[in-house]
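The primary structure of each chain is shown beneath.
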Amino acid sequence: MYFLEVTSMLQRSLFFTEIQTKELNSTKISDFSRVSSLVSCTHLCGLEESCDLLIYDQTDETCQLHKTTKEHDDGTRKKIYIERKPPYCVAGFYSSTGLAPCTICEAGSYQATPGSKSCTPCEVGSYQASAGSLSCTVCRAGTSTLTRGSTAPTDCNALCVAGSYSSTGMDPCSLCEVGSYQATVGSTSCTACGALTSTLTKGSTAPTDCNVHVDCGEDSVPKKSGVYNIKPEGAAEPFQVYCDQDTDGGRWTHTNNSQGKIDPIYQLIKHLPDEGNLKINAITSQGPYELRIDLADFEGDTRYAHYSTFSVGDVTTDYQLTVRGYSGNAGDCLVRKNGMKFSTYDKDNDLAEKVECAALHHGAWWYRWCQQCNLNGIYKRGIYSSYRDGVTWVPWKGFQYSLKTTSMEIRRAV
């Protein structure tokens, strides 16, 4: 141990004389006490009659009192020893004990606390090029490091901006796809929109970009035909429809389709007419809509009928049809259907007195005096012999020809 020999007068007037190495021949007479200074330790020694020696630890500020058998130079002097430990490592240095000898912290790390046993790597988003540093430098705005312990400003790479991502969160980045978004800078993935919602374009930056469309005519609906989610203004919850973006400028919402396309509303009209008609009512209640009907036979010919005004009432009206303004080349098969209520097997709303048109024609439709058009009839192949129960459009192919494909679709009128 290293000791500082100090001579103390009986009046406790202290002064330092020399630094020596001493072997203590003493017997401890009290546990160590924590004190604030050498003067305080000396005072404790003075209170002990048998205290001939004290050891004051400068590092821990502790005081130990001893009785020594060592001969004094004279009866008026006492030997006072102060233990001195090796110095702490200063900030920016470290050792396994925190005491000298110390090693400088390497570049890419720092240490701000004296007496440390290790250095701390710079966190992600910072770097340090110099050894022996007390802190790390934060990367400039919009950039970050990839890992801890970076040593140069060139390690700070550009982060992916909001609306984009990469496997590292840094350049090169890709835009979030349609149907997803990312609000955070430096992201490694994008967040998918919730069920029945979608974004309009790539690179969306907020969950509010995930819209629910009111119909297929909105700009936010992708321009590729397919099944999408809409929520008309009067609907209780979103539902799926088939959007036709290819026919006559696109933006059409399918409401009926005999064959070929996946058409959620048609399936409801066919099997759950109330639910299907409620969805059409929710769409057409938002404003003026037009109707387009496309027809095809088994010989490869096609026709269409266009109506400038179309809507379906709610359940209290039995889904009453409003339709007018015909144009096209298929013939006007709906001219006598305007104002009619929807008829099904279990709900006869036609004007025929002796028959129920829905049962007679095996369909569900806005019948007046039974069949003129029967787009929800039984699917057959061309000419058939049973009584008027096929998928028919009488002005074009007559009563006994069942069409290959038909479709009804609506679009907000301009």
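First, a word on what this report is: a plain description of the structure on this page.

Thresholds, definitions, all that
- Residues numbered from 1 in each chain as written.
- Predicted model: local features only at pLDDT ≥ 70, side-chain atom pairs only at ≥ 80, totals over all residues.
- Heavy atoms only, no water.
- Pairing = 2+ DSSP bridges.
- Helix = DSSP H or I, 4+ residues; strand = E, 2+ residues; numbered from the N terminus.
- Salt bridge = Lys/Arg side-chain N within 4 Å of Asp/Glu carboxyl O.
- Buried < 20%, exposed > 50% of the residue type's maximum accessible area, 1.4 Å probe, protein only.
- Phe/Tyr/Trp six-rings, centres within 6.5 Å; stacked < 30°, edge-to-face > 60°.
- Lys NZ or Arg CZ within 6 Å of the ring centre and 35° of its normal.

Moving on to the pairing of strand β24 (residues 302-312). Across seven bridges, the pairing between strand β23 (residues 289-296) and β24 is antiparallel. Following the sheet pairing, D294 is matched in β24 by Y304. Between the antiparallel neighbours β23 and β24 lie five residues, among them G300 with a positive phi of about 95 degrees. The pairing of β24 with strand β25 (residues 321-328) spans seven bridges and is classified as antiparallel. Residue pairing in the sheet places Y307 in a bridge with Y326 of β25.

This brings us to the pattern of salt bridges. Opposite charge on two side chains allows them to pair when their charged atoms are near. Counted under the stated rule, the structure contains 12 salt bridges. Put simply, D215 and R412 hold a salt bridge, and the shortest N to O gap is 3.7 Å. Highlighted residues: D215 in the loop between β19 (191-192) and β20 (226-230) and R412 in strand β30 (residues 405-412), separated in sequence by 197 residues. When its relative accessible area of 3% is taken as the criterion, D215 is described as buried. K397 is paired through a salt bridge with E299; the nearest N and O atoms lie 4.0 Å apart. Placement of K397 in helix α5 (residues 394-397) and of E299 in the loop between β23 and β24 is noted, with a sequence separation of 98 residues between them. When its relative accessible area of 26% is taken as the criterion, K397 is described as partly exposed. Since its relative accessible area comes to 53%, E299 is described here as exposed. Residues participating in the shared-partner salt-bridge network are D248, E290, R292, D294 and R411.

Across all of its chains, the model carries four aromatic pairs by this definition. When the centroid spacing of 5.6 Å and the interplanar angle of 55 degrees are considered together, the rings of Y307 and Y326 count as tilted. Placement of Y307 in strand β24 and of Y326 in strand β25 is noted, with a sequence separation of 19 residues between them. Under the relative-accessibility criterion, Y307 is labelled buried at 1%. We classify Y326 as partly exposed; its relative accessible area is 29%. Positioned above the aromatic ring of F239 is the side chain of K279, whose terminal nitrogen or guanidinium carbon lies 4.9 Å from the ring centre. Here the basic side chain of R292 rests over the ring of Y304, its NZ or CZ set 4.6 Å away from the ring centre.

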